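# A closer look at the structure
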Amino acid sequence: MRILFISSEVTPFAKTGGLADVAGALPRALKRLGHDVRILLPYYQCVEERGFQTEKIPLSAEVSIGGESRRTLLRRLEMDEIPVYFIDHRPYFYREGLYGSPAGDYPDNAQRFALFCRAALAFLPKLDWRPDVVHLHDWQTGLVPVLLRSGLRNDPFFSGLATVLTIHNLGYQGLFPPEILPAIGVDRSLFSIDGVEFYGKVSFLKGGLVFSDLLTTVSPTYCSEIQTPQMGFGLDGVLRARTADLFGVLNGIDTEQWNPALDAAIVSAYSPADLRGKGRNKRALQKELALTPSSSVPIVSMVTRLDTQKGLDLVQEAWEALMQRNLQFVLLGSGEEKHTRFFATVRNRHPGKVSINLGFDDALARRIYSGSDLFLMPSHYEPCGLGQLIALRYGALPLVRATGGLADTIVDPLQDAARANGFAFADASVKTLLSTADRALVRYADRRNWLKMVRRGMSQDISWKNSAQRYLELYVRAQEKRRDG
Ligand code: ADP
């Protein structure tokens, strides 16, 4: 099957979160299953800065945005035999950030991602390759199905093209004022409750949800949650109306990219069969981050976007009580200023016990996963979560709030001792967070049982293999749906 991934971020070219990991790893897994997969993303400044050598394709497309004709170019490289295309339009994508700066979102994000979607569709007929299925991701690509099923509806090149849209996080919808419509080239007739209108605004994501052939999200539990008013971000009605076309498929991780036995960024390699290296990584991490050297004090870590979604309010409320516990705390994160400010304030209050690292740093993240004992993720909601999967693979037991994909992947000893791979609590309260942390600390002191859980977590199959197979079934189903109308 020929499958085109269109995504606003893809590892290793550009990443702000889990979406990039998925858009980088799932194509590889599909390729391994013998399919012809290609990827398309914007040509950001960071792609060039990271030294990726791209080849300019002698093609261009004119896309009209805001009445102005904008020339876009196409670049290409190969990643593990997968062709990766980049939409090159410097005025929009050659910037410091993907979606914004520390001051907030870029004010022209509607124009930027409308251009991305429209340029994708403009280039497609010019390539000597026509996909069977286009796999779209999040609001940034939501206009692709809108355009396919409106202006391009009768175009023979596009009419048979099946679309699958994956929701990685319903909290980000791409909402813009309706005045934007003429500028982004979407017909005003689509601004209705059956189209892109969402409470008086234009919603890129809703457009995608309404017009894609099939919808998926990244875990079975999140799939149910988003169809409820409590967790549907106002789109639960739209999703319930499409419940027959909506599927939850759990993310995996790229087990070659995330492998403590081969990871060049960590100090010492290790595996479930030989965990000695993990102790060395812990010592090295303590040294690197100026923590008190100790093999017996557990390191509790977080590697996260600093967003309230991630339960940082709970961590902050629990902070003083956590600091009373016999543990070391490591944070690596970037994001919202209110959280940055809190962690910047407390960072020097506990020398030897706390290390706060503000920023985005993939290599440090790897050293933290490999040196930690517990990985904290008390999210209010979590579509799938990759942090806890990476932590499992690196032998840091996840301590999570049981929501979305965290509920689907982490088993607490109280739930099932024979399958336990972490610690989970349901209530979003400081009290339960602390009592669960205390249970984890008691377990940590019980070395034999702790290591049993660590080995179990590290040996779990969290690769993409099963889920890639599931996506293939859904691609076939999307094609059938397209054929049958
Ligand atoms: P989300 O997509 O909501 O941010 P996930 O848990 O699905 O959360 O994915 C987060 C991914 O981003 C993981 O690979 C994690 O290691 C990585 N990550 C998050 N914050 C940072 C950071 N500050 N530095 C390096 N990697 C980070």
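Residues numbered from 1 in each chain as written. Predicted model: local features only at pLDDT ≥ 70, side-chain atom pairs only at ≥ 80, totals over all residues. Heavy atoms only, no water.

### A word on the nonpolar core
- Counting 99 residues, the largest nonpolar core has F204 and Y475 as the members making the most contacts within it.
- Sort the elements by how many residues they give to this core and helix α4 (residues 109-123) lands first, with ten residues.
- When sequence neighbours within four positions are dropped, the list of residues in contact with Y475 reads M1, I3, F5, L26, L30, V133, H135 and V164.
- In terms of nonpolar packing, the next biggest core, distinct from the first, is built from 65 residues, L327, I356, I390 and A440 among them. (Core = buried A, V, L, I, M, F, W, Y, C linked by side-chain atoms within 4.5 Å. Buried < 20%, exposed > 50% of the residue type's maximum accessible area, 1.4 Å probe, protein only. Helix = DSSP H or I, 4+ residues; strand = E, 2+ residues; numbered from the N terminus. Contact = heavy atoms within 4.5 Å.)

### Details of the packing of helix α18 (residues 430-445) against helix α19 (residues 447-459)
- Following both chains from N to C, one finds α18 and α19 inclined at 105°, their axes separated by 5 Å at the closest point. The angle between α18 and α19 places the two elements in the roughly perpendicular class. Counted together, A440, R443, Y444 and A445 of α18 and R447, N449, W450 and M453 of α19 form the full contact between these two elements.
- Of the residues that constitute the contact of α18 with α19, the class distribution is five nonpolar, one polar and two charged. (Axes fitted to C-alpha atoms, helices over the stretch in contact; angles between N-to-C directions. Parallel < 35°, antiparallel > 145°, perpendicular 65-115°, else oblique. Nonpolar A, V, L, I, M, F, W, Y, C, P; charged D, E, K, R; others polar.)

### Comments concerning the sheet that holds strand β20 (residues 423-425)
- With parallel pairing, six strands are arranged side by side in an open sheet as β17-β16-β15-β18-β19-β20. Every interior strand has two partners, whereas the edge strands, β17 (354-358) and β20, have only one. With strand direction ignored, the average angle separating the axes of adjacent strands in the sheet is 15°.
- Two elements, strand β15 (residues 299-306) and strand β16 (residues 328-335), share eight bridges in a ladder whose sense is parallel. Residue pairing in the sheet places M302 in a bridge with L331 of β16. (Pairing = 2+ DSSP bridges.)

### Quick word on the site of the ligand
- Inspection of the region around the ligand gives 21 residues, with G18, R305, K310, G359 and Y369 positioned closest.
- Within the side chain of D21, a nitrogen or oxygen atom sits 2.9 Å from an oxygen atom of the ligand.
- Here G359 contributes a backbone N or O atom positioned 2.8 Å from a nitrogen atom of the ligand.
- Notes on the ligand: free accessible area 560 Å², of which the protein chains cover 93%.
- At the level of elements, α1 (18-32), β15, β16, α15 (362-371) and α16 (387-393) are the ones that each hand at least two residues to the shell around the ligand.
- For the shell around the ligand, the class distribution of residues is eight nonpolar, eight polar and five charged.
- When residues are assigned to domains, the shell around the ligand turns out to be shared by domain 1 (2-252 + 465-483) and domain 2 (276-459), each giving three or more. (Near = heavy atom within 4 Å. Polar contact = N/O pair within 3.5 Å; in protein donor to acceptor, adjacent residues only side chain to side chain. Areas by Shrake-Rupley, 256 points an atom, 1.4 Å probe, with all protein chains shown as cover. Domains from an automatic or database assignment.)

### What to know about the packing of aromatic side chains
- Under the defined criterion, the tally for this structure stands at 29 aromatic pairs.
- Put simply, the rings of Y44, Y92, F93, Y99, F113, F116, W139, F176 and F204 touch in pairs and so form one group of aromatic residues.
- In this structure, R75 packs its charged tip against the face of Y43, placed 4.4 Å from the ring centre.
- Taking NZ or CZ as reference, R447 lies 4.9 Å from the ring centre of Y444, over its face. (Phe/Tyr/Trp six-rings, centres within 6.5 Å; stacked < 30°, edge-to-face > 60°. Lys NZ or Arg CZ within 6 Å of the ring centre and 35° of its normal.)

### Here we look at the pattern of salt bridges
- The full count for this structure, using the stated rule, is 30 salt bridges.
- Across the salt bridge formed by D80 and R28, the nearest N and O atoms sit 2.6 Å from each other. Placement of the pair is D80 in the loop between β4 (68-79) and β5 (82-88) and R28 in helix α1, with a sequence separation of 52 residues.
- Note that D213 and R149 form a salt bridge whose closest N and O atoms lie 3.5 Å from each other. Of this pair, D213 sits in the loop between α8 (204-211) and β13 (214-217) while R149 sits in helix α5 (residues 143-149), placing them 64 residues apart in sequence.
- Residues joined in a network through salt bridges with shared partners are E48, R75, D88 and R90. (Salt bridge = Lys/Arg side-chain N within 4 Å of Asp/Glu carboxyl O.)

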